[in-house]
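Chain by chain, the residues:
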Amino acid sequence: MSNHPTTSTADAQPSPTPTKQRLESLDALRGFDMFLIIGGTGLIASFIKAMNLTSLDWMVAQFKHVPWHGLTMEDLIMPLFLFMVGVSLTYSIASSKKKGKSTKEIYQKAFKRMIVLSILGIIFKNNPLHFDWGEIRYVSVLGRIGVTGFFACLIMMNYSIRGQVTWIGGLLIFYWIALLFIPVPGYGPGVLTQEGNMAGFIDRIIVPGRLKDGNFDELGYFEHISSLALVLMGGITAYILRIKEWTDYKKLTYLSVIGSGCIVLGLIWSLHFPINKHLWSSSFILVAGGINFLLMSLFYLVIDIWNFKRWTKFFKIIGINSIFIYLATGLIDFKYTANYLFNGFIQMGSPEMQSFLLQFFVLLLEFGLLYFLYKKKIFFKV
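Let us look at the structure shown here. Predicted model only: the values in this text are computed from it and were never measured. (Residues numbered from 1 in each chain as written. Predicted model: local features only at pLDDT ≥ 70, side-chain atom pairs only at ≥ 80, totals over all residues. Heavy atoms only, no water.)

A few words now on the overall build of the protein chain. Along its length, the protein chain carries 14 helices and zero strands. Secondary structure elements of the protein chain, listed N to C terminal, follow the sequence α-α-α-α-α-α-α-α-α-α-α-α-α-α. The globule rule puts the C-alpha radius of gyration for 382 residues at 21 Å, and the 21 Å found for the protein chain is close to it. Put simply, the protein chain has 382 residues, and 52% of those count as buried. Look at the contacts in the protein chain between residues 6 or more apart in sequence, and 73% of them connect residues 24 or more apart. Here the protein chain has roughly 17300 Å² of accessible surface; of this, 66% comes from carbon and sulfur atoms. Computing the positive centroid from 34 side-chain charges and the negative centroid from 22, the protein chain places the two 12 Å apart. (Helix = DSSP H or I, 4+ residues; strand = E, 2+ residues; numbered from the N terminus. Rg over C-alpha atoms; globule rule 2.2 N^0.38 Å. Buried < 20%, exposed > 50% of the residue type's maximum accessible area, 1.4 Å probe, protein only. Contact = heavy atoms within 4.5 Å. Areas by Shrake-Rupley, 256 points an atom, 1.4 Å probe, with all protein chains shown as cover. Lys, Arg positive; Asp, Glu negative; His and termini not counted. Charge placed at Lys NZ, Arg CZ, Asp CG, Glu CD.)

What follows covers a positive patch on the surface. A contiguous patch of positive charge on the surface is contributed by Lys-99, Lys-101, Lys-109 and Lys-381. Counting through the fold element by element, Lys-101 comes out in the loop between helix H3 (77–98) and helix H4 (103–125). (Patch = residues over 30% accessible without salt bridge, like charges linked within 9 Å, V, L, I, M, F, W, Y side chains within 5 Å. Salt bridge = Lys/Arg side-chain N within 4 Å of Asp/Glu carboxyl O.)

Time to look at the pattern of salt bridges. For the structure shown, the criterion picks out six salt bridges. When the shortest N-O distance is used, the salt bridge between Asp-27 and Arg-30 registers 3.4 Å. In this pair, Asp-27 and Arg-30 are both assigned in helix H1 (residues 24–50), three residues apart and thus about one turn of the helix distant. Arg-30 shares its class with Asp-27; the two are buried. Each of Glu-24, Lys-309 and Lys-316 takes part in salt bridges that share partners, so that together they form one network.

Running from N to C, H1 and helix H12 (residues 322–331) cross one another at 0 degrees; their axes reach a closest spacing of 11 Å. As summarised for this structure, H1 and H12 are arranged roughly parallel, according to the angle between their axes. Taking contact as the criterion, the partners of Arg-30, Met-34, Ile-37 and Ile-38 in H1 are, on H12, Ser-322, Ile-325, Tyr-326 and Thr-329. For the contact of H1 with H12, the per-class residue count stands at five nonpolar, two polar and one charged. (Axes fitted to C-alpha atoms, helices over the stretch in contact; angles between N-to-C directions. Parallel < 35°, antiparallel > 145°, perpendicular 65-115°, else oblique. Nonpolar A, V, L, I, M, F, W, Y, C, P; charged D, E, K, R; others polar.)

Rendered as structure tokens:
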């Protein structure tokens, strides 16, 4: 989350070299994703309700996770972040090589980051001042970012781009076989309910502490397998963007074709292996990854090619301290502070408007804190 592209003449692959000093589209896309995570979806949904824009009710529905099978915009937020981890990682590896760091040092950095993120994730998912050691939830979003980032680093350092594509296919096929064809004791093969799926069965054995839903946790260790493919897809994106011999529009063409192909393949696969964000099914990974290819292409076109950048500063300020603000939203009660400071103003509106204003002031406080850090050049990195 905190690795930012820098100028480099080396890469995890031998041929591509960077063509720009900074991939500004990645900074903006990261900030856009974080904006949605820290309350942007709630702000938009509450505004639609406050304005009684019934024609946009379909959009409000997109800001809620599906109960099980299916897909909404909300389900794409975390996969996008994992995808961007892969994009950043490629630039980070190249930067480390340019600085003369050894393979061992690169591995150590990735391993340390995995441990730190996993610990921060445990703190975020539990009450750090009152740990109930028997009820700790060890799995987390940050933990998944750390673990998949570490293994993606190992793969990127040891395999060509063709090998990385093979890894993506192998991971998704293995996950498909495991969930659809290996029998779960008491349920049999191919049962994709919360209680009977193979991922949940394995996690109940290997994950310490508690699972989010008692018998299942979508952030469990077994789901790391398919999630890793998303990080590698981000690496493929960065590889293409760094090919010096290609024009920008040729890169966009390849990314668009790959993204569209992933979506089509995922939709076809979903006829047998349903799209399911909770299970991180292989079809879900392909569809989400395909959408991420297209999103990255769009941001790259508008920001890095057309040079429309002024509107991105808001998102860059959010994205540059992404780990900090993610943790802060869990450890700081911004809603209480917003109510304390602005309650008189909030109470002047209708119930629907009050909900919108509260969400607006929460985001205002969060952004104010991030802007202060930005002006002071304080950037938290792992």
